[in-house]
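The primary structure of each chain is shown beneath.
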Amino acid sequence: DATGGACALNALQRLGARKAASAADYELFEPDFTIYPVETTVKDIEDMDAAEEEQMPEPQAALQFVPGVDKVVVKDCHLGTACPHGETCVVKADKTYSQCVSCHRDEFPKECQKLDDYMRFAAVHTCKQTCEDTMCYNNKWCMHPHKCVFDKEMHWGQCVNCHKNDKFWKYSCSSKPKSFLEAAHHVCHKKCHA
């Protein structure tokens, strides 16, 4: 029947469109390891040609699992494994791996630090939270109001909250090398008060 065939075709078309949209969503989580000069704005980054990219450092490995302290990781959630209540499925950009992560503001900072660079980047964008005290390569690794402060001398970047009342500016900054503080001052227009 003509109506049944149209309905089946429309259902298949909708399924194909959902799969295409889903694949496009995962491409958003492809980490960008490009290290941009401190004074580079988001618009500058968008306008840069791929040929101008600097050599990227090797992605960092994840911290090791600590039995009795860390939770048991639920993997392959993008293939149908259900995440525990309160956790979200985070999928690596190439779709070869996924795991359940808590996006709760008290749990995410602890969990994200145990993820490798690829999964951490995906988790930051899935949970829409900055993973503080971990390596960032550019501002795509940080959620507003954080900005990636990259110290080329130390080969280290870190997301810093540029708000004046942030704990970094009152306490943590005193432990950073001078070159990092100069980069942070340049990015955030603030000075260490610790």
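Look above for the structure.
Just so you know, these numbers come straight off a predicted model, no measurement behind them.

(A) Highlighting the state of the cysteines. Per the stated rule, a full pass over the model turns up 8 disulfides. There is a disulfide in this structure between C112 and C131, and the S-S distance comes to 2.0 Å. Looking down the S-S bond of the C112 and C131 bridge, the torsion is 90°, so its handedness is right-handed. Pair noted here: C112 is in helix α3 (residues 108-112) and C131 is in the loop between α4 (117-127) and β3 (146-151), with a separation of 19 residues, a long-range link. A single burial state applies to C112 and to C131, both of which are buried. What pairs with C136 in a disulfide is C148, and their sulfur atoms sit 2.1 Å apart. Between C136 and C148, the S-S dihedral sits near 95°, and the bridge is therefore right-handed. A residue pair is termed long-range when its members are at least 10 positions apart, and C136 in the loop between α4 and β3 and C148 in strand β3 qualify at 12 residues.

(B) Structural view of the packing of aromatic side chains. Summed over the entire model, instances satisfying the criterion amount to 4 aromatic pairs. For the ring pair F168 and F180, a centre distance of 6.3 Å and an interplane angle of 70° mean the geometry is edge-to-face. Here F168 is found in helix α5 (residues 167-170), whereas its partner F180 is found in helix α6 (residues 178-188), with 12 residues between them in sequence. Three or more aromatic residues joined by ring pairs make a cluster, and in this case those are F121, Y137 and W141. The cationic tip of K92 hangs over the ring face of Y118; the distance from NZ or CZ to the ring centre is 5.2 Å.

(C) Quick look at the pairing of strand β2 (residues 98-102). Burial analysis of β2 places 5 of its 5 residues in the buried class, the great majority of the element. Side chains S98, C100 and S102 project from β2 onto one buried face, and the interleaved Q99 and V101 project onto a second face that is buried too. As judged from the 5 bridges shared by strand β1 (residues 87-91) and β2, these two strands associate in the antiparallel manner. By the bridge assignment for β2, V90 is matched with Q99. In this structure, the hairpin formed by β1 and β2 is closed by a connection of 6 residues, where K95 is found at a positive phi of approximately 65°.

The rules we used
- Residues numbered from 1 in each chain as written.
- Predicted model: local features only at pLDDT ≥ 70, side-chain atom pairs only at ≥ 80, totals over all residues.
- Heavy atoms only, no water.
- Disulfide = S-S within 2.5 Å.
- Helix = DSSP H or I, 4+ residues; strand = E, 2+ residues; numbered from the N terminus.
- Buried < 20%, exposed > 50% of the residue type's maximum accessible area, 1.4 Å probe, protein only.
- Phe/Tyr/Trp six-rings, centres within 6.5 Å; stacked < 30°, edge-to-face > 60°.
- Lys NZ or Arg CZ within 6 Å of the ring centre and 35° of its normal.
- Pairing = 2+ DSSP bridges.

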